[in-house]
Amino acid sequence: MPYLKPLLIAALLTSCIACASDVIAQALPMPDKGKLLATGGVIQLEGAGGGGLTPWATISGYGSEDSYGVNAHITQVSTQDYRLQTAGVAIGIADKLEMSLATQKFTGSLAPLDKLELQQDVVGIKLKVAGDLVTDQDTWQPQVAIGAMYKRNHAVKGLEALGITNVKQLGAVDDSGIDYYLSATKLILDHSLLLNGTLRLSKANQMGLLGFGGDKRNHYQLLPEVSVAYLLNRKLVAGVEYRSKPQNLAVDNEKAYYDAFLAWFPSRSVSLTLAYANLGDITIFNPKNQRGWYLSLQIGN
């Protein structure tokens, strides 16, 4: 039943919105911005709050447990031969629930993939289930959250001359799928240090841009992701990230993602993240290690 997965996600979102309606009804006309600067993180490539590559257990926005927060972002990653653009919005409710919507566009610049265009939409949900990033300073307890991302891939453009218009023709089993993840984030204020570990269950090829599952394997894999960040001062954060990847497709010898980033938080309304990312190979048609710059602007309340 091809529509079962999106219907399940829609039902889950509707249920969570209903549960949060009392909080929204009592909220201030504008978010109270009660959380500490930078504790909402930034928005990662698939729209969830966290680092650039991986979600954290943090909830987007600066709304306290009695309020909410809303953010919008635009991100671009440019390597030697490709460009990835993402944009989206995220809302955090009662510092407990996060819902997000993002769109991704991936394009090529080197023949034979110079006309390639891939697009994907991502609907995300995250729920904090234990701990608190700030108040649990005297215990080992991290903030813990669970989340899911429903991803829907659009038609492949630019390869019509090869007869390819869908990711399934590249070996993918599906053009839509769901990632599930568990994140644990620990902020150690005395040492200005943030540690995050995420375990993701996924069948996504290149985050889903090349579909889900493949001709090599078609089962969920448990993929670890790690972030380490250091607070240089209250407005500037530096860190590194690692994200493991599956290898489902014969046409894509997929590699892990890495980055080193610097995030600037001049206020609770604006953040700017600059990173240098290593995305590995993209396809066997261009077996070159792709490295380049990541720039993301986030605005909100």
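You'll find the structure just up there.
Remember, predicted model here, so these are calculated numbers, not experimental data.

A. Structural view of the overall build of the chain. Each helix and strand counted, the chain has one helix and 14 strands in total. Taking 19 Å as the expected radius of gyration for a compact globule of 301 residues, we find that the chain reaches 19 Å, a close match to that expectation. Counting only C-alpha atoms, the chain reaches 55 × 40 × 35 Å along its principal axes. Expressed as a percentage of the 301 residues in the chain, the buried residues total 52%. Of the accessible surface of the chain, which amounts to about 13,100 Å², a share of 64% is contributed by carbon and sulfur atoms. Across the chain, the mean location of the 26 positive side-chain charges is 4 Å away from that of the 26 negative side-chain charges.

B. Main features of the packing of aromatic side chains. In this structure the tally under the stated criterion is four aromatic pairs. The interplanar angle of 55 degrees and the centroid separation of 5.3 Å between the aromatic rings of Tyr-242 and Tyr-258 together place this pair among those described as tilted. On the criterion of sequence distance, the pair formed by Tyr-242 in strand S11 (residues 236-243) and Tyr-258 in strand S12 (residues 257-267) is long-range, its members being 16 residues apart. Tyr-258 sits in the partly exposed class, given a relative accessible area of 43%. Centroid distance Tyr-276 to Trp-293: 5.0 Å. Interplanar angle 65 degrees. Geometry classified as edge-to-face. Taken together, the residues span a long stretch of sequence, with Tyr-276 in strand S13 (residues 270-280) and Trp-293 in strand S14 (residues 290-300) at a distance of 17 residues. A residue is classified by how much of its surface remains accessible, and Tyr-276, at 37% relative accessible area, is partly exposed. Assessed through its relative accessible area of 53%, Trp-293 is described here as exposed. Sitting over the face of the ring of Tyr-257, Lys-245 holds its NZ or CZ atom 3.6 Å from the ring centroid. Lying over the aromatic face of Tyr-62, Arg-268 brings its terminal NZ or CZ to 5.8 Å of the ring centre.

C. Up close: the pattern of salt bridges. Applying the stated rule across the entire model yields 16 salt bridges. Residue Arg-200 is joined to Asp-179 by a salt bridge in which the shortest nitrogen-to-oxygen separation is 3.0 Å. Linking Arg-200 in strand S9 (residues 193-202) with Asp-179 in strand S8 (residues 176-188), this pair joins segments that are 21 residues apart in sequence. Assessed through its relative accessible area of 1%, Arg-200 is described here as buried. On the accessibility criterion, Asp-179 (1% relative accessible area) is buried. Salt bridges linked by common partners bring Glu-46, Lys-151, Asp-179, Arg-200, Glu-225 and Arg-243 together as one network.

D. Structural context of the nonpolar core. Among the nonpolar cores identified, the biggest contains 39 residues, and Leu-45, Leu-84, Phe-106, Leu-116, Leu-118, Val-156 and Phe-265 are the most heavily contacted of them. Put simply, the parts of the chain that give this core at least two residues each are strand S4 (82-93), S12 and S13. Beyond its immediate stretch of four places on either side in the chain, Phe-265 contacts Leu-37, Ala-38, Gly-41, Val-42, Tyr-62, Lys-235, Val-237, Val-270 and Ser-271. By size, the runner-up hydrophobic cluster in this structure holds eight residues, among which are Ile-93, Met-99, Ile-125 and Tyr-150.

About the cut-offs
- Residues numbered from 1 in each chain as written.
- Predicted model: local features only at pLDDT ≥ 70, side-chain atom pairs only at ≥ 80, totals over all residues.
- Heavy atoms only, no water.
- Helix = DSSP H or I, 4+ residues; strand = E, 2+ residues; numbered from the N terminus.
- Rg over C-alpha atoms; globule rule 2.2 N^0.38 Å.
- Buried < 20%, exposed > 50% of the residue type's maximum accessible area, 1.4 Å probe, protein only.
- Areas by Shrake-Rupley, 256 points an atom, 1.4 Å probe, with all protein chains shown as cover.
- Lys, Arg positive; Asp, Glu negative; His and termini not counted.
- Charge placed at Lys NZ, Arg CZ, Asp CG, Glu CD.
- Phe/Tyr/Trp six-rings, centres within 6.5 Å; stacked < 30°, edge-to-face > 60°.
- Lys NZ or Arg CZ within 6 Å of the ring centre and 35° of its normal.
- Salt bridge = Lys/Arg side-chain N within 4 Å of Asp/Glu carboxyl O.
- Core = buried A, V, L, I, M, F, W, Y, C linked by side-chain atoms within 4.5 Å.
- Contact = heavy atoms within 4.5 Å.

Purely geometric stuff here, so don't read any function into it on its own.
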